[in-house]
Amino acid sequence: MTAPWLDVRALRVEFPAGSAPHAPALRAVDGVSFALERGGALGLAGESGCGKSTVARALVGLAQPRSGSIRLEGVELAAQAAHRPAAARRRLQIVFPDGPSSLDPRQTVGQILEEPLVLHRKGNRRERLARAVALLDAVGLDAGQLERYPHEFSADQRQRIAIARALALEPELLVLDEPARGLDSSVRAQLVQLLVQLREHFGLALLLTTQDLALVHVLCEDVALMCLGQVCEYGSCSEVFGAPRHPYTQGLLAAVPLPDPSAARRRARAILSGEVPTPAAPPTGCRFHPRCPVREQVPGERCAREEPRLVCAPTTQATQVACHLYAALTPPR
Amino acid sequence: MSVLEVEHLSVRFDTPRGALQAVSDVSFTLEEERTLGLVGESGAGKSVTALALLRLLPTSARVETGSARFEGLELLALGERELRRLRGRRIALLRQDPLCALDPLSTIGRQLGEVLVTHLALRRRQARQRCARALAEVGLPDSERHLDRYPHELSGAERQRVLLAMALLCDPRVLVVDEPSSALDVTLQAQMLDLIERLQERHGTAVLLLTRDLGLAARACQRVLVMYAGRVVEEAPAEALFAGPLHPYTRGLIESLPRFDAPPGQPLRPIPGVAPDPLVPLAGCAFAPRCALAGAHCRAEVPPLEPWRRGEAGLGLSIASERRAACFEKARIALPSSAGKGPRA
């Protein structure tokens with residue numbers, strides 16, 4: 001079996017927590033593995049604090065993993081972006097969630113789009129300008145906007161500019177960190193359609209982090225659900241959303257508001273009660289057990305004592321789930 | 001029974017760039033123990049509408065016309081002293097940002113107690129007991145301990161619950177909930193909605209829910225008003241609205257949502273264009289520039305919000321009488337062949 005195009009194994013990212021000299025580290029990502037084929041799309045979904053954005057940042061070298069590996073076409077990528085060769089950096093680009101920090105307020109759109117080209121020494125001034133115009137066109141903005149500043153644009157237009165900047169170096173993987181957060185639904189749909197078209201046009205692979213499971217369903221083929229730094233269910237969207245196995249996945253799906261009142265009322269509501277535990281002090285055993293509605297079905301308080309491993313789900317070899325309910329099944333690979 | 005009746009409310013702002021018509025001719029009735037949704041994207045005028053009712057608009061805003069009757073009082077004509085007796089006691093507002101809404105320098109118990117001391121003239125000890133009960137009611141067990149904590153010691157979800165407890169302390173008749181979706185995880189949001197609904201059943205509170213999330217409105221509201229560019233473009237019972245919207249904007253909103261029951265890979269259908277600049281007055285329907293059905297009539301004249309009568313295009317009798325839409329082309333939209341019908345599970 002050949003290795004996947006992008007292979008992430010046992011990724012672990014820790015942050016110093018607290019100022020005490022021997023304070024235990026906050027383990028934001030704790031042993032996450034996934035694979036992505038060239039041109040594929042994977043959604044990382046979960047509640048805030050589950051570590052999905054940290055995974056996204058580690059991929060492009062902005063968060064330093066403590067251990068684990070990220071391989072692109074079999075070649076190990078350095079932990080820090082600065083230690084990666086320019087050619088490798090070019091291939092993975094990230095789009096940050098819109099915010100005051102995502103675009104430099106003192107640069108014009110033209111400067112923002114040309115900066116990656118300048119840094120990577122691509123083209124002369126005229127070629128770079130032509131490229132900036134082409135990029136703006138690709139994201140649905142017109143060339144007349146090159147001289148304007150970020151604050152003159154609406155939130156969704158700024159997000160388009162950020163996408164154009166990420167596309168400037170013709171990347172192969174676009175990492176989208178909460179790309180549609182805070183946008184109104186009509187313009188959000190426009191942005192999602194743009195991403196679908198760009199992906200087709202440039203043959204891009206996507207890694208999307210979001211809380212919005214419906215967005216994953218529209219944009220991605222595969223989905224990995226994260227709970228407090230770990231993947232608890234991983235498989236194709238059709239499998240996972242069609243027949244969710246992990247109680248966390250079931251709870252998240254039940255919480256998604258459906259634009260259909262009769263379906264919304266028929267459905268079980270708010271399955272997930274209680275608070276999301278903080279990743280600084282994760283629960284023992286299964287990360288999800290304090291909120292799990294079905295933990296009584298596993299005998300002997302096993303969920304509180306023992307971490308479940310990812311195992312392959314019964315009907316398919318593709319979906320993996322980490323829950324003691326399915327502990328009798330075989331581990332993957 | 002109706003609790004709050006709003007008629008022909010119009011609000012305009014004076015800005016350095018000219019007059020901005022934020023709300024035009026908005027009317028609705030809020031019923032006891034019911035949830036009414038004001039749905040619209042940013043700039044649609046839903047928050048301005050709610051703030052106008054609470055008389056919390058900034059000084060640059062002017063209520064041009066309209067009336068808002070609540071318990072025999074005209075809210076828009078009340079003096080500041082009467083308003084103070086009303087706000088927080090009979091009409092409460094639940095804001096979206098729990099960190100800004102709580103005073104970081106005083107304990108939860110003090111902030112909650114202040115409401116009771118001010119409005120109901122309770123003594124400190126009585127107030128404390130009642131606050132503890134209120135916290136328990138919103139699902140914060142061990143409430144005695146919470147009373148002595150400061151806002152920063154609570155998690156975001158706990159703060160949200162404290163705010164809800166505060167809003168409901170005086171047992172208000174009307175609770176205005178401003179955008180519960182934006183800052184919360186979907187799971188917490190679902191918990192909050194369930195909680196509000198349970199408390200609403202117990203106390204008979206009328207809820208006015210402001211949101212830009214149609215899915216949220218579908219889950220929580222019995223009746224929904226869709227707003228666009230300051231006007232109500234459609235009003236209907238939630239079921240009817242989602243089963244067969246009558247306004248092209250509503251239909252566009254519903255179609256632009258990603259949904260699970262669509263086959264994977266099916267493209268979304270966004271509404272083309274963007275919302276109009278509120279500083280540029282439009283002659284006709286504000287949605288016309290983005291509307292595929294718009295004709296010359298739509299661009300020349302603002303369509304009135306008219307009841308959708310039964311018999312037209314064969315809609316069911318019971319729902320037909322309760323629906324209104326502001327579109328000259330509603331008959332074309334209501335045709336059952338339209339692709340905009342949500343799939344029925």
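All values reported here derive from a predicted model rather than from experimental measurement.

## Observations concerning the sheet that holds strand β4 (residues 65-72) of chain A
Hydrogen bonds between backbone atoms are what pair the strands of a sheet, whose relative direction is either parallel or antiparallel. Residues and elements named next belong to chain A. Read across the sheet, four strands follow the order β2-β1-β4-β5 without closing on themselves; strand pairing throughout is antiparallel. Both edges of this open sheet fall to β2 (26-36) and β5 (75-76), since each of them pairs with a single strand only. Relative to β4, strand β1 (residues 6-15) runs antiparallel, the two sharing six bridges. Note on β4: the bridge partner recorded for Arg 9 is Ser 69. On the sheet, helix α1 (residues 52-59) packs against β1, β2 and β4 and is oriented at approximately 65° with respect to β2.

## A few points about the nonpolar core
Of all hydrophobic cores here, the largest spans 195 residues; its most connected members are Val 175 and Leu 207 of chain A. Here this core gets eight residues from one element, more than from any other, and that element is helix α7 (residues 156-168) of chain B. Not counting residues within four places of it along the chain, the set of residues in contact with Val 175 of chain A comprises Ala 56, Leu 59, Val 60, Leu 92, Gln 93, Ile 94, Val 95 and Leu 207 of chain A.

## Some remarks on the sheet that holds strand β2 (residues 18-31) of chain B
Residue and element names in this part refer to chain B. With antiparallel pairing, four strands are arranged side by side in an open sheet as β2-β1-β4-β5. Both edges of this open sheet fall to β2 and β5 (73-74), since each of them pairs with a single strand only. As paired elements, strand β4 (residues 61-70) and β5 share two bridges and run antiparallel to each other. Of the residues in β5, the one forming a bridge with Arg 69 is Glu 74.

## Concerning the confidence of the model for chain B
Of the residues in chain B, 91% have a pLDDT of 70 or more, and the chain-wide mean is 86. Reported confidence for the predicted complex is 0.79 by ipTM and 0.85 by pTM.

Conventions adopted
Position numbers for residues count from 1 along each chain, tracking the sequence in the order it is written. Whichever chain is written first becomes A and whichever ligand is written first becomes 1, with later ones labelled in order. Residue-level local features of this predicted model are given only where pLDDT is at least 70; pairs of side-chain atoms are given and counted only at 80 or more, and the full residue set underlies all totals for whole chains, interfaces and linings. Being paired, for any two strands, means DSSP has found at least two bridges between them. Only DSSP runs of H or I covering at least 4 residues are called helices, and only runs of E covering at least 2 are called strands; the numbering of each starts at the N terminus. For the purpose of contact definition, each residue receives a C-beta atom placed from its backbone, and two residues are in contact when these atoms lie within 7 Å. An axis is simply a line fitted to the C-alpha atoms; with a helix, the fit covers only the stretch in contact. Between two such axes, the angle follows the N-to-C directions and lies from 0 to 180 degrees. By convention the nonpolar core is taken to be a set of buried residues drawn from Ala, Val, Leu, Ile, Met, Phe, Trp, Tyr and Cys and joined through C-beta atoms within 7 Å. Neighbour counting defines burial: a residue surrounded by 20 or more other C-beta atoms within 10 Å of its own C-beta is buried, one with 12 or fewer is exposed, and intermediate counts give partly exposed, using backbone-placed C-beta atoms. Scored from 0 to 100, pLDDT reflects the predictor's confidence in each residue.

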